[in-house]
Amino acid sequence: MMDVIKRMLASRKAKPVLWMLGLLPLAWMVWQTMQGAYVNPEESLVRGAGDWALRFLCLTLAVTPARVTFKLPQVLRFRRVLGLLMFSYAVVHLVLYMGLAMGFSLGEIATDIADRPFILAGMLTFLLLLPLALTSNNAAIRALGASNWQALHRLIYVAAGTAVLHFLWMRAGKNDTAEVWVYTAILGLLLGWRLWYWNRNHPAAGACGH
């Protein structure tokens, strides 16, 4: 069974299939809007895109634990695709907010950022993700050098924190935070696993508190 999974993951068709599957939720949301299925299409689209950005963030951070735990080096091939899908949904989330909610008025957007902390946290998250998306290519790795590129891409851990804050503060205003804690627990486990794994492989540094 594991050999079959490894062959599927190594297939040249795997990445295109992942892209198609990853874009299905967006296609479904557009279809539902066209069918008039949403009571509040504006809110449903903005929130739906944001939810999927957060889900793909979790999947992106799950790649390394999955690789190590299940001894599947093949899954590393998909980390970039998952990260770009995450960013794509973040872009859709931002553009829909700016267009549907704010009418692309820079003045209103600036006021909203100043008045509502969850909007500020969302904007900060996007700014943290932007350089990661722009450097998600082999040319950027060569230009920056592997160590600098890896250091830059650790910003995803900070972005995970600000994304949860964005979600929490948004839902707290509606007294609906149950789902937030699910994502918080998932991201906490994924980041906690990384800390454990790093300390296990760098015992001297861990003992020094670095």
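Keep in mind that this is a model prediction, so the values were computed, not measured.

(A) Main features of the packing of aromatic side chains. In the structure shown here, the tally under the stated rule is 8 aromatic pairs. Between Trp193 and Trp196, the aromatic rings sit 6.1 Å apart at their centres with planes inclined by 55°, giving tilted as the arrangement. Remark: Trp196 and Trp193 occur in helix H10 (residues 178-201); sequence separation between them is 3 residues, near one turn of the helix. Both rings, one in Trp193 and one in Tyr197, keep their centres 4.8 Å apart while their planes meet at 10°; by these two values the pair is stacked. Remark: Tyr197 and Trp193 occur in helix H10; sequence separation between them is 4 residues, near one turn of the helix. Judged by its relative accessible area of 16%, Trp193 falls in the buried class. Every member of this aromatic cluster is reached through a ring pair, and the members are Trp52, Phe56 and Tyr89. Taking NZ or CZ as reference, Arg55 lies 4.6 Å from the ring centre of Trp52, over its face.

(B) Broad picture of the pattern of salt bridges. With the rule as written, the count across this model stands at 5 salt bridges. The shortest N-O distance in the salt bridge between Arg171 and Asp176 comes to 3.4 Å. Using a relative accessible area of 3% as the deciding quantity, one classes Arg171 as buried. A salt bridge links Glu179 to Arg171; its shortest N-O distance comes to 3.0 Å. Taking relative accessible area as the criterion, Glu179 reaches 26% and is therefore assigned partly exposed. Members of the salt-bridge network, linked through shared partners, are Glu43, Arg47 and Lys174.

(C) Spatial organisation of the nonpolar core. Ranked by internal contacts, the top residues of the largest apolar core, which has 49 residues, are Leu54, Leu57, Leu61, Tyr97, Leu129 and Leu187. Mapped onto this core, the elements with two or more residues apiece are helix H2 (14-34), helix H3 (41-69), helix H4 (79-101), helix H6 (117-134), helix H9 (155-172) and H10. Ranked by residues supplied to this core, first place goes to H4 with 11 residues. Setting aside residues up to four positions removed in sequence, Tyr97 forms contacts with Val46, Met102, Ile109, Asp112, Ile119 and Met123.

(D) Focus on the environment of Ala140. With respect to the element layout, Ala140 can be found in helix H7 (residues 138-144). Judged by its relative accessible area of 10%, Ala140 falls in the buried class. For the pair formed by Ala140 and Ile5, sequence separation is 135 residues and the distance between their alpha carbons is 31 Å. In this structure, Ala140 is in contact with Thr135, Gly145 and Trp149, ignoring residues within four places of it in sequence.

(E) Focus on the environment of Leu84. With respect to the secondary-structure elements, Leu84 resides in helix H4. Between the alpha carbons of Leu84 and Leu132 there is a distance of 9.0 Å; along the sequence they are 48 residues apart. When neighbours within four sequence positions are excluded, Leu84 is seen to be in contact with Trp19, Ala133 and Ser136.

(F) Spatial organisation of the packing of H2 against H3. Close contact between H2 and H3 brings their axes to 11 Å; oriented N to C, the two are set at 170°. Between H2 and H3, the angle is such that the two are roughly antiparallel. Of the residues in H3, those in contact with Gly22, Pro25, Met29 and Thr33 of H2 are Pro41, Leu45, Gly48, Ala49, Trp52 and Phe56.

(G) Seen up close, the environment of Met98. Mapped onto the elements of the fold, Met98 is located in helix H4. Using a relative accessible area of 19% as the deciding quantity, one classes Met98 as buried. For the pair Met98 and Ile109, spaced 11 residues apart in sequence, the C-alpha to C-alpha distance is 7.1 Å. Setting aside its immediate chain neighbours within four residues, Met98 contacts Gly103, Phe104 and Ile109.

Cut-off values and rules
Residues numbered from 1 in each chain as written. Predicted model: local features only at pLDDT ≥ 70, side-chain atom pairs only at ≥ 80, totals over all residues. Heavy atoms only, no water. Phe/Tyr/Trp six-rings, centres within 6.5 Å; stacked < 30°, edge-to-face > 60°. Helix = DSSP H or I, 4+ residues; strand = E, 2+ residues; numbered from the N terminus. Buried < 20%, exposed > 50% of the residue type's maximum accessible area, 1.4 Å probe, protein only. Lys NZ or Arg CZ within 6 Å of the ring centre and 35° of its normal. Salt bridge = Lys/Arg side-chain N within 4 Å of Asp/Glu carboxyl O. Core = buried A, V, L, I, M, F, W, Y, C linked by side-chain atoms within 4.5 Å. Contact = heavy atoms within 4.5 Å. Axes fitted to C-alpha atoms, helices over the stretch in contact; angles between N-to-C directions. Parallel < 35°, antiparallel > 145°, perpendicular 65-115°, else oblique.

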